[in-house]
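Coordinate analysis (summary)
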Amino acid sequence: MKPFYPLRRTCKEAVALMIAREDRELPRLERWALRLHLVVCKACPSFERQLLTMRQAMGAWRHYSDDESR
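Definitions and cut-offs
Residues numbered from 1 in each chain as written. Predicted model: local features only at pLDDT ≥ 70, side-chain atom pairs only at ≥ 80, totals over all residues. Heavy atoms only, no water. Salt bridge = Lys/Arg side-chain N within 4 Å of Asp/Glu carboxyl O. Helix = DSSP H or I, 4+ residues; strand = E, 2+ residues; numbered from the N terminus. Buried < 20%, exposed > 50% of the residue type's maximum accessible area, 1.4 Å probe, protein only. Expected span 1.5 Å × (residues − 1). Arc of directions from axis to C-beta.

Note that side chains of opposite charge can pair when their charged atoms are close. Counting across every chain of the model gives four salt bridges. Ionic pairing is found between Glu30 and Arg9, a salt bridge with its closest N-O pair at 3.1 Å. You can see Glu30 sitting in helix H2 (residues 28-40) and its partner Arg9 sitting in the segment before helix H1 (11-23), a full 21 residues away along the chain. The shortest N-O distance in the salt bridge between Arg55 and Glu22 comes to 2.9 Å. Taken as a pair, Arg55 in helix H3 (residues 44-68) and Glu22 in helix H1 lie far apart in primary sequence, 33 residues in all. The partly exposed category is assigned to Arg55, whose relative accessible area is 43%. Residue classification places Glu22 among the partly exposed positions, given a relative accessible area of 32%.

Here it is as structure tokens:
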């Protein structure tokens, strides 16, 4: 039987949480689990930075297209 660790997440689960965080506020337990995963994982912080870059680029693009229509 596999031990149960309430804050332990796989990379796949962490990615799902990062994407979900874009649309809604995560419950406290999920936020803690994601933070813990990001501390111990080597790959996921890079993916998190890529998500941030895409969010910033899309925000800039939205504002750019608003400015162009004036």
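Moving on to H1. Helix length check: H1, at 13 residues, gives a terminal C-alpha distance of 19 Å against a target of 18 Å (1.5 Å per residue), a fit within 8%. Regarding H1, the residues found buried are Ala14, Leu17, Met18 and Ala20. Axial view of H1: buried residues confined to an arc of 165 degrees, hence all on one face. Across H1 from its buried face, at more than 90 degrees, point the exposed residues Lys12 and Asp23.

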